[in-house]
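Topology and contacts: notes
Okay, here's what each chain looks like letter by letter:
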Amino acid sequence: MASQLPSPARLDCLAARLEAFKSNPFQEPDRKTKSAQFQRILEGVCAVVRDAENAGTPGLQETVEEAHRLLETCLLYAYSDRGGLTALNTFAHSEDEPWIDDIMENAGSDIVDEFVRLYAKTVKPGSPAPQLPAFARIRPWTRSPRPHALTTRLSRFRPDIVPTATAQTPLARIVAEARAQLTTDLIPTAHAMAVSAGGSILALASGGGWQARDPVLQYYLSGSQSDNELQGVSMDPGMSGVPRFVAADEERKLMFLADDESIKSFSFAPGESGKVPKRLPSVHSLDSGHLCDGPIAVLADGRIARAGKGKAAVWDLSVSDGIPSGSQPHSVVAFADDPSYAPSTWHLRSSTGHLLCGEQAARSGGYSCIALDLEHGGQRAARYLGHGGDVVRITSSPGDPNMFATAASDGYARLFDARRPLPVLTVETSIQHEGCADVVLVHPNGIPTLFTGGDRTQQIKMWDLREQECVYELATGNNAVSAMAWDPARTSLYVATRCPHVDRFGERTGYRRARVPAWATWASVERDYKAHKTHGSGPRIPPPIIVPYVPSDDDEEEDGDGRGYYETESEDEVDGEDEIDEAYSADMRWPEKCFHKENYFGYAYDAGENVLFRWHFKDAPDITQLPASTTSDW
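Since the model is a prediction, treat every value here as computed from it, not as a measurement.

Thresholds, definitions, all that
- Residues numbered from 1 in each chain as written.
- Predicted model: local features only at pLDDT ≥ 70, side-chain atom pairs only at ≥ 80, totals over all residues.
- Heavy atoms only, no water.
- Helix = DSSP H or I, 4+ residues; strand = E, 2+ residues; numbered from the N terminus.
- Buried < 20%, exposed > 50% of the residue type's maximum accessible area, 1.4 Å probe, protein only.
- Contact = heavy atoms within 4.5 Å.
- Areas by Shrake-Rupley, 256 points an atom, 1.4 Å probe, with all protein chains shown as cover.
- Phe/Tyr/Trp six-rings, centres within 6.5 Å; stacked < 30°, edge-to-face > 60°.
- Lys NZ or Arg CZ within 6 Å of the ring centre and 35° of its normal.
- Pairing = 2+ DSSP bridges.
- Expected span 1.5 Å × (residues − 1).
- Core = buried A, V, L, I, M, F, W, Y, C linked by side-chain atoms within 4.5 Å.
- Salt bridge = Lys/Arg side-chain N within 4 Å of Asp/Glu carboxyl O.
- Axes fitted to C-alpha atoms, helices over the stretch in contact; angles between N-to-C directions.
- Parallel < 35°, antiparallel > 145°, perpendicular 65-115°, else oblique.
- Lys, Arg positive; Asp, Glu negative; His and termini not counted.
- Polar contact = N/O pair within 3.5 Å; in protein donor to acceptor, adjacent residues only side chain to side chain.

Notes on the overall build of the protein
- Looking only at helices and strands, the protein features 8 helices and 32 strands.
- For the protein, buried positions account for 56% of its 634 residues.
- Within the protein, contacts between residues separated by at least 24 positions form 62% of all contacts whose residues are at least 6 apart in sequence.
- Accessible surface computed for the protein: about 27100 Å², of which carbon and sulfur atoms make up 50%.

Considering the packing of aromatic side chains
- Considering all chains together, one arrives at 16 aromatic pairs under this definition.
- Ring plane angle 35° and centroid distance 5.4 Å describe the contact between Phe21 and Phe38, whose orientation is recorded as tilted. Residue Phe21 is located in helix α1 (residues 7-22), and its partner Phe38 is located in helix α2 (residues 31-54); the two are separated by 17 residues in the primary sequence. Both residues of the pair, Phe21 and Phe38, belong to the buried class.
- Through a chain of ring-to-ring contacts, three or more aromatic side chains come together here, namely Phe21, Phe38 and Tyr77.
- Sitting over the face of the ring of Phe21, Lys34 holds its NZ or CZ atom 4.1 Å from the ring centroid.
- The ring of Tyr600 has Arg156 sitting right over it, with the charged end atom 4.7 Å from the ring centre.

Observations concerning the pairing of strand β25 (residues 449-454)
- Most of β25 sits out of view: 6 of its 6 residues are buried.
- Going residue by residue along β25, you find Thr449, Phe451 and Gly453 tucked away on one face and Leu450, Thr452 and Gly454 tucked away on the opposite face as well.
- Of the strand pairs in this sheet, strand β24 (residues 436-442) and β25 are connected by 6 bridges, and their pairing is antiparallel. Bridged to Leu441 within β25 is Leu450.
- Bridging between β25 and strand β26 (residues 459-464) involves 5 bridges; their strand directions are antiparallel.

Details of the pairing of strand β28 (residues 480-487)
- Among the 8 residues that make up β28, 8 are buried, leaving the element largely enclosed by the rest of the structure.
- Relative to strand β29 (residues 492-498), β28 is paired through 7 bridges, and the arrangement is antiparallel. Residue pairing across strands places Ala483 opposite Ala496, the latter belonging to β29.
- Hairpin connection from β28 to β29: 4 residues lie between these consecutive antiparallel strands, with Thr491 at a positive phi of about 45°.

So, α1
- In this model α1 runs 23 Å from its N-terminal to its C-terminal C-alpha over 16 residues, within 8% of the 22 Å that 1.5 Å per residue would give.
- In this structure, the buried residues of α1 make contact with α2 and α3 (60-78).

A look at the nonpolar core
- Grouped together as the largest cluster of nonpolar side chains are 40 residues, with contacts concentrated most on Leu154, Phe451, Ile460, Tyr472, Leu493, Trp615 and Phe617.
- Looking at this core, the elements that each hand over two or more residues are α5 (170-176), β3 (180-186), β24, β26, β27 (469-475), β28, β29 and β32 (611-617).
- Apart from the residues lying within four places of it in its own chain, the contact partners of Leu493 are Val440, Phe451, Ile460, Ala485, Trp486, Phe613, Arg614, Trp615 and Phe617.
- Counting residues in hydrophobic clusters, the runner-up holds 27 residues, among them Phe21, Val49, Leu71 and Tyr77.

A word on the pattern of salt bridges
- Taken as a whole and judged by the stated rule, the model has 31 salt bridges.
- Note that Arg173 is salt-bridged to Glu177, the shortest N-O span being 3.3 Å.
- Via salt bridges that share partners, Arg50, Glu53, Glu97 and Arg420 belong to a single interconnected network.

A few points about the packing of α1 against α3
- Relative to each other, α1 and α3 sit at 10°, their axes nearing to 10 Å. Considering the angle they form, α1 stands roughly parallel to α3. Contact residues: α1 offers Ser7, Leu11, Leu14, Ala15, Leu18, Phe21 and Lys22, while α3 offers Thr63, Glu66, Ala67, Leu70, Thr73, Cys74 and Tyr77.

Some remarks on the sheet that holds β27
- If you walk across this open sheet you meet the 5 strands as β2-β27-β26-β25-β24, and the pairing is antiparallel. One side of each edge strand has no neighbouring strand; the edge strands of this open sheet are β2 (155-157) and β24. Direction aside, the axes of adjacent strands within the sheet are offset by 20° on average.

A closer look at unusual backbone geometry
- In the Ramachandran plot, Asp160 falls in the positive-phi region, its phi being about 60° despite a non-glycine side chain.
- Within the secondary structure layout, Asp160 lies in the loop between β2 and α5.
- By relative accessible area, which is 59% here, Asp160 ends up exposed.
- Residues other than glycine seldom take positive phi values, yet Ala178 does so here, at roughly 55°.
- Examined against the element boundaries, Ala178 turns out to sit in the loop between α5 and β3.

Comments concerning the sheet that holds strand β13 (residues 303-307)
- The sheet built from 4 strands is open, its strands ordered β12-β13-β14-β15 with antiparallel pairing. Where the open sheet ends on each side, the last strands, each with one partner, are β12 (296-299) and β15 (331-334). Ignoring strand direction, the axes of neighbouring strands in this sheet form an average angle of 25°.
- Alignment of β12 against β13, held across 4 bridges, turns out to be antiparallel.

Digging into the side chain of Asp390
- As for its placement among the helices and strands, Asp390 is situated in the loop between β19 (379-384) and β20 (391-397).
- Arg363 is the oppositely charged side chain nearest to the buried, salt-bridge-free Asp390, at an N-O distance of 10 Å.
- Of the polar contacts made by the side chain of Asp390, one reaches the backbone nitrogen of Ala361; its length is 2.9 Å.
- Discounting chain neighbours no more than four positions away, the residues touching Asp390 are Glu359, Gln360, Ala361, Gly366, Tyr367, Ala407, Ala408 and Ser409.

Some details on the environment of Ala520
- Following the sequence through the fold, Ala520 ends up in the loop between β30 (511-513) and α7 (522-535).
- Once the C-alpha coordinates of Ala520 and Leu154 are considered, the two residues, 366 residues apart in sequence, prove to be 9.9 Å apart.

Points about the environment of Gly208
- Looking at where Gly208 falls in the secondary structure, it is placed in strand β5 (residues 201-208).
- Classification of Gly208 by relative accessible area gives buried; the value is 11%.
- Gly208 sits 18 residues away from Ala190 along the chain, and the two C-alpha atoms are 8.9 Å apart.
- Discounting residues that sit within four places of it in the chain, Gly208 has contacts with Pro188, Arg213, Asp214 and Val216.

Keep in mind these numbers describe shape, not what the thing actually does.
As structure tokens, this is what we get:
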């Protein structure tokens, strides 16, 4: 029930509670209690905004601004030396704007292995391995659901989840069943990635050479790609620094790269021969200096903007007399409401022309997300609350012009209605206290679908936003996700990844002999595929063996909902489930420290290098088209 006090008075009370709280900092043994008290302050601030919005209270914008200032004070204190926190739980959700998580969260094989090693070495030397909690006992892939014979073996489905997609929404059903053909390519270290609106080009702002210090433009022309391979071009863009931002203009066939001091454009229009030159010709060289060194965005009418602290530089590329090399911006728009605001990421909301901006505390001292109107003097058009960390990515989808999604360093993705100040859905992407690396929002057949990328968890998760569930995850070959992009013209998800198992000299490190189950080899995938092509008249394969989850006494106090997924000590093993293909494994290598073991997915794949993945969702993919895993020969 909403308080009878007006919003300003409620916020004043919460501010007083915060000051009283700060006078008694976090200390043991009451740290858990103090954390709960702090959490209630954050939730209370958001409740004030929610109540004011629901009641139609005049002055909502002023309430949002006051709430923002109080939340910023809370967060800056929490992450300070005095606050001593490194992570916060979500605080902006409610019964009507829920928080959802993945029912299949697990600790990660590297953490579990290290715990068992330390237990056997220091706690009880020589004793048997301890019984692990449920979230650390994960069944092999053969015990997980497989919704279709052509579901990729590099996916892992959650049990008892019925996606929204049906036969009446065939494209959404293909995505929901992970019917995808995979192609990969080796890439330099990617800092940003973009697909042009029409899908003509995919471009990566990258660094190559020793410690990735050489500027590299990596690009892929979609029209020249086949379903069987990715053919990219790597070129020196002629910049003094490594590019960190990239944008594409489909209409003018221009691709833009930005390092810390400049922006260069390259044309991907066909030349006189009718083909796009292999080395894209440079068209513009724009000097942003140290005035603006943030993200770039292609605006309407042939303009490009670059963010800085308290301002944005704008170049008009449509001027009739051209733009000379090293051109200064045609205009600089000061941010009318906050001269210290410095967007670290932004995304053009094409329906309004506003730039949805995210902030990083290290850059400008805050965690805010706003809509910025450069067309009207850099005014703040809206503010969005609820982030507990840096906003690292923002994305939207043509399928719903009012919705956008954010990825944040606090480990959550958030779905916003651009007309409302609080998230309508909060997605906990991992329990590992890692940031959400990137997020992609799409609407196949109108069904809202979210992809999130993990860094330490080395995976991509697919979320059905109507069902409010994680449906499956896709493998990344034990690589961390750097960036993601969606090609709507070809229903393809691109994922740029970074290999954490390579040292600064480019040598693999920390590998052991692999232990690959017989069912996780490429030959096993090929056998299943041939059997389907030869004998499969229907679309579905026999269901996998699903053993009901029977809680043990040790599991009674555990938090979470297993829903028939987690392993228990009382279950019988399936014949051949753990049989290792020794001959195959002899030549294969696997990282000693990685989130997934060889039996987690249906094909044991380790990338061993920085890799670009293209997941092409289609009705009849060739699921045997899988990349080779790391071997002893490298």
